[in-house]
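Examination of the molecular architecture
The primary structure of each chain is shown beneath.
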Amino acid sequence: MVRKATAALWSEQDRHPGDRKRLFTAVSNAIEAERVLYPGSFVDISPSFVFDSAVYVDSDKRAAKFFADEQGVLEIIAEHEEAPDEPDITFLQADYTNELDLPEQDVDLLISLFAGFVSDHCTEHLRVGGTLLVNGSHGDAGLASIDPRYDLEAVVIARAGEYRISTANLDTYLVPKKSQEVTRERVLASGRGLAYRVPAFAYLFTRTD
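Every chain is numbered on its own, with residues counted from 1 as its sequence reads. A pLDDT threshold of at least 70 governs which residues receive local features in this predicted model, and a stricter bar of 80 or more applies before side-chain atom pairs are shown or counted, although totals over entire chains, interfaces and linings include all residues. By convention in this description, side-chain values take in all heavy atoms of the structure and omit both hydrogens and water.

**Section: the overall build of the protein**
Looking only at helices and strands, the protein has 7 helices and 8 strands in total. As defined in this context, the radius of gyration uses C-alpha atoms, and a globule is described by 2.2 Å times the residue total to the power 0.38. The globule rule puts the C-alpha radius of gyration for 209 residues at 17 Å, and the 17 Å found for the protein is close to it. Seen through its C-alpha atoms, the protein measures out along the principal axes to roughly 55 × 35 × 30 Å. The 209 residues of the protein split such that 46% are buried. Values of accessible area rely on a 1.4 Å probe in the Shrake-Rupley scheme; residue burial ignores everything except the protein chains shown. When the accessible area of the protein is evaluated, it comes to approximately 10800 Å², of which 45% is carbon and sulfur surface. Only DSSP runs of H or I covering at least 4 residues are called helices, and only runs of E covering at least 2 are called strands; the numbering of each starts at the N terminus. Burial classification: accessible surface area is computed with a 1.4 Å probe over protein chains only, and a residue below 20% of its type maximum counts as buried, one above 50% as exposed, and the rest as partly exposed.

Have a look at this one:
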């Protein structure tokens, strides 16, 4: 049975029930991925509703207590009919900006959602040919856009709580509203997302090197 504290944390995370599941379902339909790395996840276990294997990373003590309730977490996942029968879940209580005890090129999908510069610190764990899912928060999409290891392959469009993946007119995305050179130093110093002429909810980059 799910512990009260576990259920409460998940309820707080899942304020818009099913929203993240719809996001990750759309992503899974567009790419080939089995193993996922989610730095800065807190208690968002929705990738495990879709993907077979996931490594969650967060330094928050509440997240550690949440994942310590292994049976409760599995029960939450099992509530979703399309979830894997035997999800493989690993939680690391760690600051992802430090070196993680994970192999290089070990995952197919690296998730960066509202968690800072994940791509700057964790790309080594993403296999070449794998996918970075990143939104504009905190500037990580901007950083990925100038990272020579990445190519933009698609964008995530959100409409009325639904998500779709688009590869149309990719050259119109990630173009700043203000005429300015996007540099690593400027993005890191700002720590904020850039304002783009044509925004998307999130972006899918392929690691090429």
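**Here's the deal with the layout of surface pockets**
Think of a 1 Å grid over just the protein atoms. A cavity is a set of points where a 1.4 Å probe fits yet cannot get out, a pocket is an open set with protein on both sides within 12 Å along at least five of seven lines, and lining residues have an atom within 4 Å of a point. Grid points are joined across faces, edges and corners, and a volume is the space filled by probe spheres set on the points. What the largest pocket holds in volume is close to 210 Å³. If you trace the largest pocket, you find 16 residues lining it, with Gln13, Arg15, His16, Asp19 and Arg20 closest to the centre. Of all the secondary-structure elements, those providing two or more residues to the lining of the largest pocket are α1 (4-13) and α2 (19-30). Take the lining of the largest pocket: its biggest share by element is 3 residues, from α2. A per-class count over the lining of the largest pocket returns 5 nonpolar, 5 polar and 6 charged. Taken together, Ala64, Phe67, Ala68, Glu70, Val73, Leu74, Pro87, Ile89, Thr90 and Phe91 form the lining of the second largest pocket. When residues of the lining of the second largest pocket are traced back to their parent elements, those giving at least two are α3 (61-68), α4 (70-78) and β3 (88-93). Residues are grouped as follows: Ala, Val, Leu, Ile, Met, Phe, Trp, Tyr, Cys and Pro are nonpolar; Asp, Glu, Lys and Arg are charged; every other residue, Gly included, is polar. Looking at the lining of the second largest pocket, its residues break down into 8 nonpolar, 1 polar and 1 charged.

**What to know about the sheet that holds strand β1 (residues 35-39)**
What the 8 strands build is an open sheet, ordered β3-β2-β1-β4-β5-β8-β6-β7; its pairing is mixed. The open sheet has two edge strands with one neighbour each: β3 and β7 (162-166). For this sheet, the mean angle separating the axes of adjacent strands, direction not counted, is 20°. Note on pairing: DSSP must find at least two bridges between two strands before they are called paired. Across 6 bridges, strand β6 (residues 150-159) lies against strand β8 (residues 202-207) in antiparallel orientation. Each bridged residue has a counterpart across the sheet, and for Val155 the counterpart in β8 is Tyr203. Only heavy atoms matter for contacts: two residues are in contact if any of them lie within 4.5 Å across the pair. What counts as an axis is a line fitted to C-alpha atoms, over the stretch in contact for a helix, and the angles between N-to-C directions run from 0 to 180 degrees. Contacting β1, β4 (107-112), β5 (126-135), β6, β7 and β8, α2 crosses the sheet at an angle of about 25° to β7.

**Some details on the environment of Ala30**
Here Ala30 lies in helix α2. Given the relative accessible area of 43%, Ala30 is considered partly exposed.

**As for the packing of α3 against α4**
α4 packs onto α3 with a crossing angle of 80° between their chain directions and a minimal axis gap of 5 Å. Looking at the two axes, α3 sits roughly perpendicular to α4. Every residue of α4 that contacts α3 at Phe66, Phe67 and Ala68 is listed here: Glu70, Val73 and Ile76. Tallied by class, the residues present in the contact of α3 with α4 amount to 5 nonpolar, no polar and 1 charged. Any angle that is under 35 degrees is reported as roughly parallel, and any over 145 degrees as roughly antiparallel; angles of 65 to 115 degrees are reported as roughly perpendicular and all others as oblique.

**Observations concerning a negative patch on the surface**
Exposure above 30% relative accessible area and no salt bridge define the residues that can form patches, which grow by joining like charges within 9 Å and nonpolar side chains of Val, Leu, Ile, Met, Phe, Trp and Tyr within 5 Å. A carboxyl oxygen of Asp or Glu within 4 Å of a side-chain nitrogen of Lys or Arg is what we treat as a salt bridge. Only four residue types enter the tally: Lys and Arg on the positive side, Asp and Glu on the negative side, with His and both chain ends excluded. Every charge is mapped to an atom, namely NZ of Lys, CZ of Arg, CG of Asp or CD of Glu. Side chains of Glu99, Asp101, Glu104 and Glu124 sit close together on the surface and give a patch of like negative charge. If you trace the backbone, Asp101 turns up in the loop between β3 and β4.

**Quick notes on the pattern of salt bridges**
Summed over the entire model, instances satisfying the criterion amount to 11 salt bridges. For the salt bridge of Asp69 with Arg3, the shortest nitrogen-to-oxygen distance reads 3.8 Å. One end of the pair, Asp69, is in the loop between α3 and α4; the other, Arg3, is in the segment before α1, with 66 residues separating them in the sequence. Asp69 gets classed as buried once you look at its relative accessible area, which sits at 4%. When its relative accessible area of 48% is taken as the criterion, Arg3 is described as partly exposed.

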